[in-house]
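Residues per chain are reported as follows:
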Amino acid sequence: MIGGVLQQDDDQYTSDLYIEPGSGGETAGKVLRQFGLAQACSSNDPTDLEHCSRNAVTSDVDAREATLLVDYALANEWTITSISSWDWFEYKGTNDDVAQMMAPILMLHDTQESESWQQELRLNSAGGETVDWLGGVFWYTNEFERGDGGDRPFFLGDTLSANPVVAAVNQQLLRTPFPLPVAAPGQIGYHDSTLDTDYIGVFGQATWNITDAFALTGGLRWQQEDKEADIRQRVNNPAPSLISLVLSPPAVSAQGLERDTDEVTWSLTPQWTISEEAMLYVTAAHGFKSGGFNTGFGRLPIAGREFADEDIMHYEAGLKLEMLE
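Residues numbered from 1 in each chain as written. Predicted model: local features only at pLDDT ≥ 70, side-chain atom pairs only at ≥ 80, totals over all residues. Heavy atoms only, no water.

**Q** Would you take a moment to explain the environment of Leu245 for this structure?
**A** Take Leu245: it is sitting in helix H3 (residues 242–247). Considered as a pair, Leu245 and Gln112 are 133 residues apart in the sequence and their alpha carbons are 23 Å apart. Apart from the residues within four sequence positions on either side, Leu245 is in contact with Leu180 and Arg299. (Helix = DSSP H or I, 4+ residues; strand = E, 2+ residues; numbered from the N terminus. Contact = heavy atoms within 4.5 Å.)

Printed below as a string of structure tokens:
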């Protein structure tokens, strides 16, 4: 049995900012400083780790995990292995200089919570035989939530969010037909999303020890994954602003997004033990990663939120040596 508990309350973390020379961010920062609306950072070297931020970034994390491992040896020396685990975490963070301009124009208050369960059952042969093998099944489920169900604002305007100079800078950067404040007075933005994942896999691997020097290992896995997602974004005041531009429905909110996929992956590895000090092997394998949904905040339309599966063919050849004792 393995268990773990983590609690972290960090009130002084600050991110290392880097402004790309010639970028819109550099231009905006210069304008804001000319009007006394932003501070200047003494260094813009991305490698010196000198932190510049108007306010410290806070991070509160609570996490729990537990894993139970059980091995049971059968009379024929086969072994049944069970691995059961659960983990949970909750995160709350604030970044009150999220625009990274060292200016009081935008605040981000993030909330995340995740809970996972997983179970693996595996049967292993005794080993040391002409054919050594194992087989099993793996199950995993996860529920991930971002936002606080509308109870905790995600984006908040700051003291200078509606300043005319800030609005004019946004107009130039975003090429809008009118000045665009970061947030209208009293305007609050909300982002709430969920992503549920269910996965099951059945797998097996066998090694055929053809001779003392030559062996052939093959593996096969079938997997299926189902995902469901909800994305809800809104503002309490629809007045034109950067916050309402990013979070306004209906283009960036949806419920009941679903996708499922299944795939078979495999690997094949012959190996030749040339001597006690050298082994030559070759591997061919087909790998796979299922797609999903981008449930983050922003103006990305729902039609562009789904991303596709990925697969890869992998080839490898190598020589393992023991040298110089």
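From this point on, the discussion continues.
**Q** Honestly, a negative patch on the surface in this entry has me stumped. Any pointers?
**A** Negative charge collects at one region of the surface, where Glu113, Glu115, Glu143, Glu145, Asp198, Glu228, Glu258, Asp260 and Asp262 lie side by side. Elements that contribute at least two residues to the negative patch include exactly strand E4 (106–124), strand E5 (131–146) and strand E9 (254–275). The greatest single-element share of the negative patch, amounting to three residues, is contributed by E9. Along the chain, the position of Glu258 falls in strand E9. (Patch = residues over 30% accessible without salt bridge, like charges linked within 9 Å, V, L, I, M, F, W, Y side chains within 5 Å. Areas by Shrake-Rupley, 256 points an atom, 1.4 Å probe, with all protein chains shown as cover. Salt bridge = Lys/Arg side-chain N within 4 Å of Asp/Glu carboxyl O. Lys, Arg positive; Asp, Glu negative; His and termini not counted. Charge placed at Lys NZ, Arg CZ, Asp CG, Glu CD.)

**Q** I tried to follow the nonpolar core on my own but got confused; where do I start?
**A** Formed by 21 residues in total, the largest nonpolar core has its most connected members in Leu32, Ile105, Phe155 and Ile243. Those elements giving two or more residues to this core turn out to be helix H1 (24–34), E4, helix H2 (164–174) and H3. Sequence-distant contacts of Ile243, that is, excluding residues within four places in its chain, are made with Leu106, Phe155, Leu156, Gly157, Val182, Ala183, Gln187, Gly189 and Val235. The next biggest cluster of nonpolar side chains, apart from the first, holds seven residues, and it includes Leu195, Ile231, Leu257 and Phe293. (Core = buried A, V, L, I, M, F, W, Y, C linked by side-chain atoms within 4.5 Å. Buried < 20%, exposed > 50% of the residue type's maximum accessible area, 1.4 Å probe, protein only.)

**Q** Got a minute to help me understand unusual backbone geometry in this structure?
**A** Among all residues except glycine, the phi angle is most often negative; among peptide bonds, the trans geometry is most common. With a phi angle near 75°, Glu77 is a residue other than glycine that sits in the positive phi range. Within the chain, Arg175 stands out as a residue other than glycine whose phi angle is a positive 55°.

No statement about biological role is implied by the geometric values presented.
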